[in-house]
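# Close look at the chain arrangement
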Amino acid sequence: MGLYKKLFKQTAIYGLATVLPRMFSFLLVPLYTNLLPKDDYGNLSITFAWIIFFNVILAYGMETAFFRFYSNEEDKQAVVETSMISIFWTTICFLFLALLFRTTLADWSGIDSQYITYAIWILALDALVIIPFSKLRALQKPMVYALIKIGNVLVNLVLSVLFLLYFPILVKENPEGFVSSLFIDNFEVGYIFLANIIASLLTFVVLSPDYVFLKWKFDFNLWKKMMRYGLPILVAGIAFAINEQFDKILLEQLLPKSIGKAEVGVYSACYKLGLFMVLYRTAYTLGIEPFFFSHASDKNATHTYAMVTKYFVIFGSFIMLTVIVFADLFKFLMIRDSSYWVAMKVVPLIILANFCLGIYTNLSVWYKLIDKTYIGAYISIAGAIITLVLNYLLIPSMSYYGSAIATLAAYGSMMAISYFLGNKYYPIPYDLKKIGGYLGLSIGFSILSFYYFRENYFVGIALLSLFLYFLYRNEKEMLTSILNRKK
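Cut-off values and rules
- Here the residue numbering is sequential within each chain, running from 1 through the sequence in written order.
- The predicted origin of the model limits local features to residues at a pLDDT of at least 70 and limits the giving and counting of side-chain atom pairs to 80 or more, whereas totals for whole chains, interfaces and linings rest on all residues.
- Side-chain metrics in this entry use all non-hydrogen atoms of the structure; hydrogen atoms and water are not considered.
- Aromatic rings from Phe, Tyr and Trp, taking only the six-membered ring of Trp, are treated as a pair when their centres fall within 6.5 Å; an angle between ring planes under 30 degrees marks them as stacked, one over 60 as edge-to-face, and anything in between as tilted.
- Think of it as a cone above the ring: NZ of Lys or CZ of Arg counts as a charge over the ring if it is within 6 Å of the ring centre and within 35 degrees of the ring normal.
- Distance thresholds for patches are 9 Å for like charges and 5 Å for nonpolar side chains (Val, Leu, Ile, Met, Phe, Trp, Tyr), applied to residues having over 30% relative accessible area and no salt bridge.
- Note on areas: these come from Shrake-Rupley sampling with a 1.4 Å probe, and a residue is covered only by the protein chains present in the view.
- In what follows, salt bridge is the name for a side-chain nitrogen of Lys or Arg lying within 4 Å of a carboxyl oxygen of Asp or Glu.
- Starting at the N terminus, helices and strands are each numbered in turn, a helix being any DSSP run of H or I of at least four residues and a strand any DSSP run of E of at least two.
- Only protein chains enter the calculation, and the probe is 1.4 Å; a residue is then buried if its accessible area is under 20% of its type maximum, exposed if over 50%, and partly exposed in between.
- Whether two residues are in contact is decided by their heavy atoms, any of which lying within 4.5 Å being enough.
- Grid points spaced at 1 Å and placed over the protein atoms alone form the basis of the search, with a cavity being a set where a 1.4 Å probe fits but cannot get out and a pocket an open set showing protein on both sides within 12 Å along at least five of seven lines. Lining residues have an atom within 4 Å of a point.
- Grid points are joined across faces, edges and corners, and a volume is the space filled by probe spheres set on the points.
- A helix's residues, less one, multiplied by 1.5 Å, set its expected span.
- Comment: arc refers to directions from the helix axis out to C-beta atoms.

## A short note on the packing of aromatic side chains
A complete count under the given rule lists 33 aromatic pairs for this structure. Relative to Trp223, the ring of Phe218 lies with its centre 6.0 Å away and its plane at 50°, an arrangement referred to as tilted. One aromatic cluster is present, built from ring pairs that chain together Trp50, Phe53, Phe54, Trp108 and Phe246. The side chain of Lys38 reaches across the aromatic face of Tyr340, ending 6.0 Å from its centre.

The following block contains the structure:
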């Protein structure tokens, strides 16, 4: 159990670094949905969807390549310097070209050029800290990583509240004051971007010593090997970004202009209720990737991976059922404006889709360990094709519900494909009976709770209790061992 305790400890700390920032962001959702009309919130969601898409391009698989080569290469400093120099110069080139053609980008995307400029700076600053953050993870410094991540979002939260809530109050109380000279009326979306830029800039300043003390020695041969490893990850990342974000972009494009952005707004707001599963999946992924690589040479590696996957499904199934049972309570906390609630029916699909993505993350370890990352690219491309095709087919008739179905279909298909290919190239003895049992029971109880006994919390809590009883009966030995801290 020693390995699992170490994994649990690191995942808990990385989870803190993920959960607290996302919880701070959680607080921004009611703020945004209260102040912004659905059209503006939809426009904001579309812009951030593009930011996430270009985040993947600016990383071009170098983060995963860094972990792979940092684990294997004797000269670890060469890996750090080569990857940092590569990211630095590609980011500088992007910044120059994007600012030069920002008007063209604005015309093409239909987004205000001022917001495009803000997005470019956010992208550049975030790209420059990719390797410094990866270095902290590789050196197993999760606490430092957590503090910086939390600080970033805390700054964003404080500035957003200051700009959107307190500045208007101060201006109203003292129209001739200093704040009035800085305040811009009807600039809410701009202030949201400005808060993000300042937070990203401060994060870069904190991590800038990694650049200041860099010797700037570039190993071209090592870089070529890292690029060969990382480029398939880039393709997979682009496909993943399509799966994750293009539903919002396509909603705006495929629906009539009179309702497109408003539909994106309500869909994006209710999509946020899948946050708890996203938090669990993201925190776990941050801890598991270095863990997988560091234990790849162990004699019982495949059994370790199988056990870790089972634990992931156990806790994920419980989280999914809990969130779906209490979804209508969470909506009061996150989305105060009831006009956004019309999209609540997508919540179970989005939560299950993110759970499938988390399981896929576990199953995908095999192609990373045997250096066949191109297979991961093919799987992600298959998911992206499903996403694009189903969105084009379903959005005109089903709007955002069609997008939610497409997301679930894409991630579910990726999960299944990875499992079957993994059995061929790198067999892992998964406990399919228990994994399937927990997942199936959680899905069945979630359907009963949300679609047949919605907001009937007596039934919902009874289903949760029954699931916990089933879990205890089947995993009593494991749970007792963890509680007693026995190895």
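## Digging into a nonpolar patch on the surface
Taken together, Val235, Tyr374, Tyr378, Ile381, Ile385, Val389 and Leu393 make up a surface patch of nonpolar side chains, about 650 Å² in accessible area. Top element by residues in the nonpolar patch is helix α19 (residues 373–398). It accounts for six residues. Examined against the element boundaries, Val389 turns out to sit in helix α19.

## Quick word on the pattern of salt bridges
Inspection of the entire model under this criterion finds four salt bridges. One salt bridge in this structure joins Asp328 and Lys331, with 3.0 Å as the shortest N-O distance. Separated by three residues within a single helix, Asp328 and Lys331 lie in helix α16 (residues 327–334), roughly one turn from each other. Of the two residues, Asp328 and Lys331, both sit in the buried class. Between Asp328 and Arg454 there is a salt bridge; the shortest N-O distance is 2.8 Å. Residue Asp328 is found in helix α16, and its partner Arg454 is found in the loop between α21 (432–452) and α22 (457–483); the two are separated by 126 residues along the sequence. For Asp328, a relative accessible area of 2% translates into the label buried. The partly exposed category is assigned to Arg454, whose relative accessible area is 36%. Several salt bridges share partner residues, and in doing so they unite Asp328, Lys331 and Arg454 into one network.

## A word on the side chain of Ser418
You can see Ser418 is positioned in helix α20 (residues 400–425). With a relative accessible area of 1%, Ser418 lands in the buried category. Look past the residues within four positions of Ser418 in its chain and what remains in contact with it is Tyr360, Leu363, Ser364, Trp366 and Ile379.

## Details of unusual backbone geometry
At Tyr60, a residue that is not glycine, the phi angle is positive and equals roughly 35°. Looking at the secondary structure, you find Tyr60 in the loop between α2 (38–59) and α3 (62–72). The phi dihedral of Glu455 is positive, around 65°, even though this residue is not glycine.

## Quick notes on the side chain of Asp247
Along the chain, the position of Asp247 falls in helix α12 (residues 220–254). On the accessibility criterion, Asp247 (1% relative accessible area) is buried. Once residues within four sequence positions are removed from consideration, Asp247 is found in contact with Ile242, Tyr267, Tyr271, Asn391, Ile395, Ser403 and Thr407.

## What about the environment of Trp89?
Relative to the helices and strands, Trp89 resides in helix α4 (residues 76–100). The spacing of Trp89 and Leu128 is 39 residues in sequence and 9.5 Å in space, taken between C-alpha atoms.

## A word on empty space enclosed by the protein
A complete count under the given rule lists two cavities of 30 Å³ or more for this structure. By volume, the second largest cavity is sized at about 40 Å³. Lining the second largest cavity we find Leu363, Trp366, Ser418, Tyr419, Gly422, Asn423, Tyr426, Ile428 and Tyr430. Per element, the largest residue contribution to the lining of the second largest cavity is four residues, and it comes from α20.

## Thoughts on α21
Under the 1.5 Å per step criterion, the end-to-end length of α21 is 29 Å for 21 residues, consistent within 8% with the ideal 30 Å. Along α21, the residues that are buried comprise Ile435, Tyr438, Leu439, Ser442, Phe445, Ser446, Ser449 and Phe450. Angularly, the buried residues of α21 cover 135° about the axis, an arc narrow enough to put them on a single face. Of the exposed residues in α21, those oriented more than 90 degrees away from the buried face are Lys433 and Tyr452.

Keep in mind that these numbers describe shape and distance, not what the molecule does.
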